[in-house]
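Take a look at the letters that make up each chain.
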Amino acid sequence: MSRILGVGIATLDIINRVADYPTEDSEVRVLSQRVCRGGNATNTLTVLSQAHQCSWAGVWVDEPDGQRILEDLQAHQIDVQHCRILPQGKMPTSYICLNQSNGSRTIVHHRDLPELSIADFQAIDLSAFDWVHLEGRNIPDTLKMLHHIKQQQPQLPVSLEVEKPRDDIERLFSIPDVLLFSRHFVQHQGFSSAKAFFTAIHQQAPQAMLFCAWGEQGAYAVQKPLSRVLHAPAYPPAQVVDTLGAGDTFNAAVIHGLLQGRTTSDILQTACRLAGEKCGCLGFDGVHFT
Ligand code: ADP
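Here is what the cut-offs are and how they apply
- Residues numbered from 1 in each chain as written.
- Predicted model: local features only at pLDDT ≥ 70, side-chain atom pairs only at ≥ 80, totals over all residues.
- Heavy atoms only, no water.
- Buried < 20%, exposed > 50% of the residue type's maximum accessible area, 1.4 Å probe, protein only.
- Helix = DSSP H or I, 4+ residues; strand = E, 2+ residues; numbered from the N terminus.
- Arc of directions from axis to C-beta.
- Pairing = 2+ DSSP bridges.
- Axes fitted to C-alpha atoms, helices over the stretch in contact; angles between N-to-C directions.
- Disulfide = S-S within 2.5 Å.
- Near = heavy atom within 4 Å.
- Polar contact = N/O pair within 3.5 Å; in protein donor to acceptor, adjacent residues only side chain to side chain.
- Areas by Shrake-Rupley, 256 points an atom, 1.4 Å probe, with all protein chains shown as cover.
- Nonpolar A, V, L, I, M, F, W, Y, C, P; charged D, E, K, R; others polar.
- Parallel < 35°, antiparallel > 145°, perpendicular 65-115°, else oblique.
- Left-handed = near helix turned anticlockwise from the far one by under 90°.
- Contact = heavy atoms within 4.5 Å.
- Core = buried A, V, L, I, M, F, W, Y, C linked by side-chain atoms within 4.5 Å.
- Right-handed = clockwise from strand over helix to strand, strands pointing away.
- Salt bridge = Lys/Arg side-chain N within 4 Å of Asp/Glu carboxyl O.
- Phe/Tyr/Trp six-rings, centres within 6.5 Å; stacked < 30°, edge-to-face > 60°.
- Lys NZ or Arg CZ within 6 Å of the ring centre and 35° of its normal.

(A) Focus on helix α6 (residues 194-201). Along α6, the positions that sit buried rather than exposed are Ala194, Phe197, Phe198 and Ile201. The buried residues of α6 occupy one face: seen down the axis, they fall within an arc of 100 degrees.

Encoded structure:
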């Protein structure tokens, strides 16, 4: 069991399951509604919590949605002592349209909350952790956090999730040991394949192992120094029920595999298997490391 610190957001997800994605300006009735905790870093910690001791560092608001989020984190034994607590405000909310016909998820996100600052982060004793995972957001402070980690604990492995294109996000790439890219990010950069992207990005991140999940086509990875690009196919479940958090599950499985010292090819396969399993069930409770 390793001690993992995850830095990022927790949200309240309001998930409406619909038969088909609605056309604009139409009115549809949902098949069912589920309200639960979400957010990339906390989703990844939730999956990791079955095998590891996890801590979340983020901003938490003491309000009813915050309480609901806290209950879920506590149910997964995720420690929240490193959070910044705000007495007023609103937790971020994601309004999610889950299309039952193909499992796609369309997200409308509301956020009006300060980010975790570098001062908050510097107050954490990093010697208590075996791994730090960060979201690629709040770029100026995340860059300082990465430098702080490598100054304080040079041996502490760090992974960074790069999901959304953001100004200057490439400034973060030269520090983490592991970079976890989304297909959306890669395509937004103008690349049609993970392989071409890895080749282009390698100069900016020669120190890092690179991973990229590619939806129903599986995932790609490359070890350092840049060598053959590995690919693992997706593992489609009998029925795609819920793809929300598939990428977060993939990331959790990669971190778990690296902590176990497995080979990159094995990690890629097991991460795709776990993410596929996740697509076959609602939420994360049916997702198990083998
Ligand atoms: P995100 O959650 O960021 O949209 P992806 O869509 O890239 O992430 O999916 C992450 C991983 O989940 C993929 O690498 C794949 O292994 C798995 N996955 C995603 N969609 C499917 C699917 N329809 N069937 C099987 N596996 C899937």
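(B) Here's a closer look at the sheet that holds strand β1 (residues 3-7). Ordered in space as β4-β1-β9-β10-β11-β12-β13-β14, the eight strands form an open sheet in which the pairing is mixed. Looking at strand neighbours, the two that pair on one side only are β4 (53-57) and β14 (230-232), the edges of this open sheet. Going from strand to strand, the sheet's axes swing by 20 degrees on average, the running direction of each strand aside. Where strand β12 (residues 209-213) and strand β13 (residues 219-222) come together, four bridges link them in antiparallel fashion.

(C) Quick peek at the state of the cysteines. Taken as a whole, this structure holds zero disulfides when the rule is applied. The thiol sulfur of Cys279 is not disulfide-bonded, and the nearest other cysteine sulfur, from Cys281, lies at 8.5 Å. Judged by relative accessible area, Cys279 falls into the buried class, the value being 13%.

(D) Spatial organisation of the site of the ligand. In the vicinity of the ligand, 18 residues are found, and the nearest of them are Ala213, Gly215, Gly218, Gly247 and Ala275. Within the contact set of the ligand, an oxygen atom lies 3.4 Å away from a side-chain nitrogen or oxygen of Arg105. Here an oxygen atom of the ligand and a backbone polar atom of Gly218 are 2.8 Å apart. Its free accessible area being 560 Å², the ligand has 86% of it covered by the protein chains. Elements supplying a minimum of two residues to the shell around the ligand: α7 (246-259) and α8 (264-279). Among the elements that line the shell around the ligand, the one with the most residues is α8, at four residues. Grouping the amino acids of the shell around the ligand by side-chain chemistry returns 12 nonpolar, four polar and two charged.

(E) Summary view of the packing of helix α1 (residues 40-48) against α7. Packing of α1 against α7 brings their axes to within 8 Å, and their N-to-C directions diverge by 50 degrees. Classified by the angle their axes make, α1 and α7 are oblique. Note on packing geometry: the crossing formed by α1 with α7 is right-handed. Of the residues in α7, those touching α1 at Asn40, Asn43, Thr44, Val47 and Leu48 are Asp248, Thr249, Asn251, Ala252, Ile255 and His256.

(F) Here's a closer look at the nonpolar core. Counting 84 residues, the largest nonpolar core has Phe173, Phe181, Phe198 and Phe211 as the members making the most contacts within it. Leaving out residues up to four positions away in the same chain, Phe181 has contacts with Val162, Phe173, Val186, Phe197, Phe198, Ile201, Leu210, Phe211, Cys212 and Ala213.

(G) Summary view of the pairing of strand β10 (residues 158-162). Judged by how many residues are buried, β10 sits mostly within the fold: five of five residues are covered. The pairing of strand β9 (residues 131-135) with β10 spans four bridges and is parallel. Following the sheet pairing, His133 is matched in β10 by Ser159. Once you follow β9 into helix α4 (residues 139-152) and on to β10, the crossover reads as right-handed. Alignment of β10 against strand β11 (residues 178-182), held across four bridges, turns out to be parallel. Within β11, the position partnered with Glu161 by the bridge is Leu180.

(H) Structural view of the pattern of salt bridges. Overall, the coordinates contain 15 salt bridges when judged by the stated rule. Two residues, Glu115 and Arg111, come together in a salt bridge whose shortest N-O distance is 3.5 Å. Measuring nitrogen to oxygen at the nearest pair gives 3.0 Å for the salt bridge that ties Glu115 to Arg137. Of the two residues, Glu115 is situated in the loop between β8 (105-110) and α3 (118-122) and Arg137 in the loop between β9 and α4; the sequence distance between them amounts to 22 residues. Accessibility expressed as a relative area gives 10% for Arg137, which makes it buried. Through salt bridges with shared partners, one network takes in Arg111, Glu115, Glu135 and Arg137.

(I) Broad picture of the packing of aromatic side chains. For the coordinates displayed, the defined rule picks out eight aromatic pairs. For the ring pair Phe181 and Phe185, a centre distance of 5.8 Å and an interplane angle of 25 degrees mean the geometry is stacked. For the residue pair Phe181 and Phe185, the accessibility class agrees, reading buried in each case. Centre to centre, the rings of Trp214 and Tyr220 are 6.2 Å apart; their planes meet at 90 degrees, and the pair counts as edge-to-face. Residue Tyr220 is classed as buried on the basis of its relative accessible area, which comes to 19%. Through pairs of rings, three or more aromatic residues link up here, namely Phe173, Phe181, Phe185, Phe191, Phe197 and Phe198. Against the face of Phe284 rests Lys278, its NZ or CZ located 5.2 Å from the ring centre.

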